[in-house]
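Summary of the model geometry
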Amino acid sequence: MKNLAVVGAAGRMGKEVLLLLENNDDFKAAATVDPHGRTSARVIDEVDPDRCDGVIDFSNPSSTIKVARWCAKNKKFLVSGTTGLSRSQQNSLKSMGRKIPILWAPNLSLGIAAMKEALRAFSGLGNFDFQIEEIHHRQKKDNPSGTAIALQEVLGSALGRRLPKPISIRGGGVRGVHRILAMGEGEMITLEHVAMDRAIFARGALTAAKWLCGQARGLYGVDDLWEQQRRKR
Ligand code: NAD
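Structure report, in brief. (Residues numbered from 1 in each chain as written. Predicted model: local features only at pLDDT ≥ 70, side-chain atom pairs only at ≥ 80, totals over all residues. Heavy atoms only, no water.)

1. Brief notes about the pattern of salt bridges
Under the counting rule described, the total for this entry stands at nine salt bridges. In this structure, the salt-bridge partner of Lys 210 is Asp 26, at a minimum N-O distance of 3.5 Å. Taken as a pair, Lys 210 in helix 6 (residues 199–213) and Asp 26 in the loop between helix 1 (12–21) and strand 2 (27–33) lie far apart in primary sequence, 184 residues in all. For Asp 26, a relative accessible area of 31% puts it in the partly exposed group. (Salt bridge = Lys/Arg side-chain N within 4 Å of Asp/Glu carboxyl O. Helix = DSSP H or I, 4+ residues; strand = E, 2+ residues; numbered from the N terminus. Buried < 20%, exposed > 50% of the residue type's maximum accessible area, 1.4 Å probe, protein only.)

2. A few points about the sheet that holds strand 6 (residues 129–136)
Reading across the sheet, the four strands line up as 7-6-8-9 and stay open at both edges, with mixed pairing between neighbours. Taken across any chain shown, the strands that pair with only one partner, and hence form the sheet edges, are strand 7 (167–170) and strand 9 (187–194). Here the average twist between neighbouring strands, direction ignored, is 15°. Relative to strand 9, strand 8 (residues 177–184) runs antiparallel, the two being bridged by eight bridges. Across the sheet, residue Leu 181 finds its bridge partner in strand 9, namely Thr 190. Of the strands in this sheet, strand 8 and strand 9 are in contact with helix 4 (residues 110–120), which crosses strand 9 at around 160°. (Pairing = 2+ DSSP bridges. Axes fitted to C-alpha atoms, helices over the stretch in contact; angles between N-to-C directions. Contact = heavy atoms within 4.5 Å.)

3. Some words on unusual backbone geometry
Going from Asn 143 to Pro 144, the amide bond is cis rather than trans, its omega being 0°. Take Pro 144: it is sitting in the loop between strand 6 and helix 5 (146–159). A positive phi angle is found at Lys 75, which is not glycine, with a value near 55°. Structurally, the position occupied by Lys 75 is in the loop between helix 2 (61–74) and strand 4 (77–80). Look at Lys 75 and you get exposed, because its relative accessible area is 56%.

4. With respect to the sheet that holds strand 2
One open sheet accounts for six strands, arranged 2-1-3-4-5-10; its pairing is parallel. Looking at the sheet topology across the chains shown, the edges are occupied by strand 2 and strand 10 (218–220). Between one strand and the next, the sheet's axes are offset by a mean angle of 20°, whatever the strand orientation. As judged from the three bridges shared by strand 4 and strand 5 (residues 101–104), these two strands associate in the parallel manner. Pairing of Leu 78 across the sheet is with Ile 102, part of strand 5. Here helix 6 sits on the sheet and contacts strand 1 (2–7), strand 2, strand 3 (54–57), strand 4, strand 5 and strand 10; the angle it forms with strand 4, its principal contact strand, is near 155°.

Below, the structure is given as structure tokens:
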């Protein structure tokens, strides 16, 4: 049984992770970190490194960088699902990945990983027009979503051209909808992923943590994880 520190523990995702950890054979929550709520620490620096093996983080970009530095200093693995990291923050993660295993994934659902695979098959649709749309709850801070940007990158590189910016819609409590419109002359494909429950991301984070325990240092993405799992099947 390995000990985890959960960062962003009082947030929507942190609570989902803690719920799953109540009945988990591989991990337990040794520390909960959040400046809000009833947690064992307000910031990561208050956590005793001897009491944890790794960290799961769903907080915000500046916190994620502090957490990654702490993990690198104390040789702990890190799974982060935090979105909205700038290029320079992503580069910081990359350099911290030279010291410890880090998996950073703006979307930890298996369905989105499959959707990316499906998009690679669109490479032959050179004369189609494309538009990505995403819908999220009204509290979501980054815009467009990290997932929409990742889908745009995959599709753009499959087609070998730049695509229009994703359209973002914010409202209600929508967990996450990502829709790809592929529009040709006389035909249209719509590919849609709907997250109905936040638990899918929390489950993904724990699967990622289990996988990451066996990896060498480096910065990994969710594609590395799902690719290995698929090869095993
Ligand atoms: P939230 O606002 O409900 O929770 C974030 C929590 O982080 C808050 O409780 C906040 O107090 C805490 N926090 C802020 N600064 C902190 C610090 N320095 N140390 C510790 N905790 C700190 O947000 P959420 O909906 O739980 O989402 C969190 C992040 O995860 C966002 O970036 C979101 O986009 C992302 N997310 C990713 C996935 C995925 O699959 N990768 C899925 C859902 C959400």
